[in-house]
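Each chain, written out:
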Amino acid sequence: MRTSCSSSKSSNYSRAFDLPQDHIPRDDHGFRHNIGGGPMLPVFLNDLRRNAVDQRRVVVLDDGDDDDDLVEVTLELEKENNSVVLCSIAPPPVSINCESNCSLASTSSIVRSFSASSRIGRKFQWLRTLSFSSAEINHLDLSTRDAMKLKAKLVRTKSCAQRALGGLRFINKTMGDSSEPNELWKRVESRFDSLAKDGLLSRHDFADCIGMADSKEFALGVFDVLERRRRHQNEKIGHITKAELHDFWLQITDQSFDARLQIFFDMADSNEDGRVTRNEVQELIMLSASANKLSKLKERAEEYAALIMEELDPENLGYIELWQLEALLLQRENYMNYSRPLSTASVSWSQNLNAYRAGVVCRLRFKLKCLVLENWQRGWILLLWLSVMAGLFVWKFKQYKEKAAFQVMGYCLTTAKGAAETLKLNMALILLPICRNILTFLRSTRARLFIPFNDNINFHKIIAYAIGIGVLIHAGNHMACDFPRLIKSSPEKFSLIASDFNNKKPSYKYLLTGVEGITGISMVILLIVAFTLATPHFRKNLLKLPGPFNRLTGFNAFWFSHHLTALVYILLMVHGNFLFLVDKWYQKTTWMYISAPLLLYVAERCLRTCRSEYYSVKLLKVSILPGDVFNIIMSKPSGFKYKSGQYIFLQCPSISPFEWHPFSITSAPGDDDLSIHIRTVGDWTQELKRVFTEDNCSPCVIGRAKFGQHHVDQTGLPRLFVDGPYGAPAQDYQNYDILLLVGLGIGATPFISILRDLINNTRTFEDQTDSNTENSKSEDSLTSFASSNMTPNEKKKSQRTRSAHFYWVTREPGSFEWFEGVMNEVAEMDHKGHIEMHNYLTSVYEEGDARSTLITMVQALNHAKHGIDILSGTRVRTHFARPNWKEEFTKIAQKHPFATVGVFYCGMPVLAKELKELSHELSHKTSTRFEFHKEYF
């Protein structure tokens, strides 16, 4: 007997058994049995069980007499119940290929014969079940519906049903599959006790009781089905007891595929005739669309119901039966395979995973390694900064300890002066992280290798905290410690420093009302205002204050208060020039600290002002999009060059001559126009949308359409100024072999520019190939992308990116209209599969939930027939719920071994932590290196 096998879940397995002919028993007909009756069956099955779980096996059986009696049997091993299922019987191919696919989908392509089936039934008595292939069925004289029914039986196996069971889950996965059944029932029972009246639970409270409060219509459909089973249809009461609820609960949580399938079918079969018509399918689609809040899908329910009937009712009888719905669900995975899959890697993931399972010491070492790799750039910058501050504090502390004033004011004076020295340093350094033009230039140099430019705002905030602490120490010691000691000092001690005060002991009022006192107190007040209004509660308008104090919240208050710090620097220069106890000019070092950074910042602001005047743009198109988003397409200013992933600042003087707001560029560097997408989340963006879209008879109206596009007449329109571009983490995407781009909602904008750049490069390459302008290209050039506006030398350096994986997660189906053109363009232009796009809609229940099962089927059928996704309206498939990020990272690691993957994320901070940890974990487990970067959001 020879066996050969193939599995999608593990490495291939094959084994041959050779026994002497005299050891093989014969049956009553004189045939030798290689399997059954003798010792071969347990040996074969035990060997099979040790090497597989739920896998298909191709077995070649030989009776030992002649080669004509060879037959090929496809078996399926079910390890959990220790059984073997016969799938099909066929004459063997010329040679058995261990790499052949023995899956459900491939069995129909193998030619089999009835003679082989009858012969195997006579010779091998343990094979009691006979299966037919699709090829045999097609030769039978059967109706189309009977042939479909016979084929449906061919694909029905336990493992297939178990997989389909995951597509009919009535209880949320987070609630149902991860908890103990008894614990779940206790929760339901507790809710029953609170909702029931006189021991009866009403029909309308059923959804709340079983945990389906967010989809009550669907839950009521389930309730009606279960109640019809319990009572006659005309005797509905609408109330159930706890015992009846428990019976209902057992039915909807039943782990049997057939039980759940029957409930799902009965929800459509409202008249209980065992047949579902197109109208009933339409009603079920509308129910599913309502549960998932898909209004557009609900509007097209009739069209999609016709699509299902066309697939399952080819004879146009007007109805479908239970077995047809079963066949659709059993082949769910085949229907969903229209989207481009990730290929299997040549590197074994399981081996890397096993290597990672180590002791506590190894895990701690791994975490320490990740911590160092993630923070070494920040670490050395912070260490250098802290060291310099400590050095300046100690230097100034010792300096004043040796002066005569120390005899009068003691350590209060030395501490205040040490803090003052750190304040001078920090007031100079705090300007550098916000010099955006300088940082953008440095990003393109080797300085990016050891300076974390992406953390410029965080470093700005850290320095601000240090300034706050320094002000508290400096001002606190002066006002509460050394000033009182100076005033109360004896004449003998004061005589040591009398010359610094014109030989007259000052009063406390004199010290506070002098130049030093007034400038110092003024600076403290201005800094307190700026710091307070910069906190998230004030800046993001989270704190609701009564009028007129509500003007202190929001971005405007933050912006204006921050610019009050210009007065702080003027006061600081004056304050530093009128110091007590210092006479010589070179000892007044405040101007030495802040002059250079202040000049750089002033030059930066002057450059931005001049450039914004020069970069005045013309509006070309405004598109009003779903989800409070609008798109502005502008003319590209002359000489304006940028990289994908960068952002610009936008100003509309008619709204505010001072406010500048940042927006990611969504056009590619090679495009003729400049495009941005803006979400109306604040007063400025709402006003900008109103100025350009509302029909209020003003001269600045563009036009009005709910979801239209407007070509703009420039007459009377307010001007727009552009400042930039400015650097962002994603602009370095070309430094990586593979890109993993993750955007949440409007956070997809920086990555749209990257995708457009990759498309433009693909188009340019194809045009060059068609025109034969180049004689040859290297293999790297065929699979790499470069920015379309670079010089040849720059392209040569940056042609590295081979593939991109884009994940867009959003709550609103209408969001997909924002970048519909880009997604379709990727599908049309990217013939070699370099770009993979994955859209995730979190408002729809995850794939596998009964509330989204029918939507999944409609989605697959529509895409197979028309090539369009029903939710996004593009060629890119929409997934439901949130991605399993560990699974997605694993697939990419398997597909791209020994590659460097740049992970770029733009969205809420919560997910950033998970993606960062996965990047470190997968880098440690596999040969693929993941580097995480978070975009500004």
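Keep in mind that what you see is a predicted model, and the values were worked out from it rather than measured.

Engineer: It is not clear to me how the environment of Trp 395 should be interpreted in this structure. Could you clarify?
Structural biologist: Residue position: Trp 395 is located in helix 19 (residues 360-401). Counting along the chain gives 23 residues from Trp 395 to Gly 418, while the straight-line C-alpha distance between them is 7.7 Å.

Engineer: Please clarify how the pairing of strand 22 (residues 900-906) should be interpreted in this entry.
Structural biologist: On any regular strand, side chains alternate: one points to one face of the sheet, the next to the other face. For strand 22, the buried fraction is high: seven of the seven residues fall into the buried class. A two-sided burial pattern is seen for strand 22, the buried positions comprising Thr 900, Gly 902, Phe 904 and Cys 906 on one face and Val 901, Val 903 and Tyr 905 on the other. Where strand 22 meets strand 23 (residues 929-934), six bridges bridge the pair, whose relative direction is parallel. The partner of Gly 902 across the bridge, within strand 23, is Glu 931. Of the crossover connections in this fold, the one passing from strand 22 over helix 38 (residues 909-925) to the parallel strand 23 is right-handed.

Engineer: Just checking my understanding: could you explain the pattern of salt bridges for this structure?
Structural biologist: Opposite charge on two side chains lets them pair, provided their charged atoms get close. Counted under the stated rule, the structure contains 17 salt bridges. Among the ionic pairs, Glu 421 bridges to Lys 396, the shortest N-O distance being 3.7 Å. Residue Glu 421 is found in helix 21 (residues 411-429), and its partner Lys 396 is found in helix 19; the two are separated by 25 residues along the sequence. Lys 396 sits in the buried class, given a relative accessible area of 6%. Two residues, Glu 921 and Lys 925, come together in a salt bridge whose shortest N-O distance is 2.6 Å. Placement of the pair is Glu 921 and Lys 925 together in helix 38, with a separation of four residues, close to one helical turn. On the basis of relative accessibility, which here comes to 7%, the residue Lys 925 falls in the buried class. Linked through salt bridges whose partners overlap, the residues forming this network are Glu 189, Asp 193 and Lys 242.

Engineer: Even after reading the chapter, I still don't get unusual backbone geometry, so can you show me in this structure?
Structural biologist: Trans peptide bonds make up the majority, and among non-glycine residues the majority have a negative phi. The residue after Gly 724, namely Pro 725, is reached through a cis peptide bond having omega 0°. Secondary-structure assignment places Pro 725 in strand 17 (residues 720-726). Although it is not a glycine, Lys 293 adopts a positive phi angle of roughly 60°. Take Lys 293: it is sitting in the loop between helix 13 (278-291) and helix 14 (295-299). By relative accessible area, Lys 293 is classed as exposed at 59%.

Engineer: How should the packing of helix 22 (residues 436-443) against helix 30 (residues 590-614) be read in this particular structure?
Structural biologist: Viewed as axis vectors pointing N to C, helix 22 and helix 30 meet at an angle of 90°, and their least axial separation amounts to 8 Å. By the angle class used here, helix 22 and helix 30 are roughly perpendicular. Across the interface between the two elements, Arg 436, Asn 437 and Ile 438 from helix 22 touch Leu 600, Glu 604, Leu 607, Arg 608 and Arg 611 from helix 30. Among the residues forming the contact of helix 22 with helix 30, the class breakdown is three nonpolar, one polar and four charged.

Engineer: What is the right way to read the UniProt feature "transmembrane region" (unreviewed entry) in the protein from this model?
Structural biologist: In the numbering used here, UniProt assigns the "transmembrane region" (unreviewed entry) feature to residues 379-397, 510-538 and 558-582. Secondary structure across residues 510-538 comprises 90% helix and 0% strand; the distance between its end C-alpha atoms is 36 Å.

Engineer: Is there a simple way to explain the state of the cysteines in this structure?
Structural biologist: Simply put, disulfide is the name for a covalent bond between the sulfur atoms of two cysteines. Taken as a whole and judged by the stated rule, the model has one disulfide. Note on cysteine connectivity: Cys 412 is disulfide-linked to Cys 481, with sulfurs 1.4 Å apart. Residue Cys 412 is located in helix 21, and its partner Cys 481 is located in helix 23 (residues 456-487); the two are separated by 69 residues in the primary sequence. Overall, Cys 412 belongs to the buried group, its relative accessible area being 10%.

Procedures and definitions
- Residues numbered from 1 in each chain as written.
- Predicted model: local features only at pLDDT ≥ 70, side-chain atom pairs only at ≥ 80, totals over all residues.
- Heavy atoms only, no water.
- Helix = DSSP H or I, 4+ residues; strand = E, 2+ residues; numbered from the N terminus.
- Buried < 20%, exposed > 50% of the residue type's maximum accessible area, 1.4 Å probe, protein only.
- Pairing = 2+ DSSP bridges.
- Right-handed = clockwise from strand over helix to strand, strands pointing away.
- Salt bridge = Lys/Arg side-chain N within 4 Å of Asp/Glu carboxyl O.
- Axes fitted to C-alpha atoms, helices over the stretch in contact; angles between N-to-C directions.
- Parallel < 35°, antiparallel > 145°, perpendicular 65-115°, else oblique.
- Contact = heavy atoms within 4.5 Å.
- Nonpolar A, V, L, I, M, F, W, Y, C, P; charged D, E, K, R; others polar.
- UniProt positions renumbered as here; feature names shortened; annotations may be inferred.
- Disulfide = S-S within 2.5 Å.

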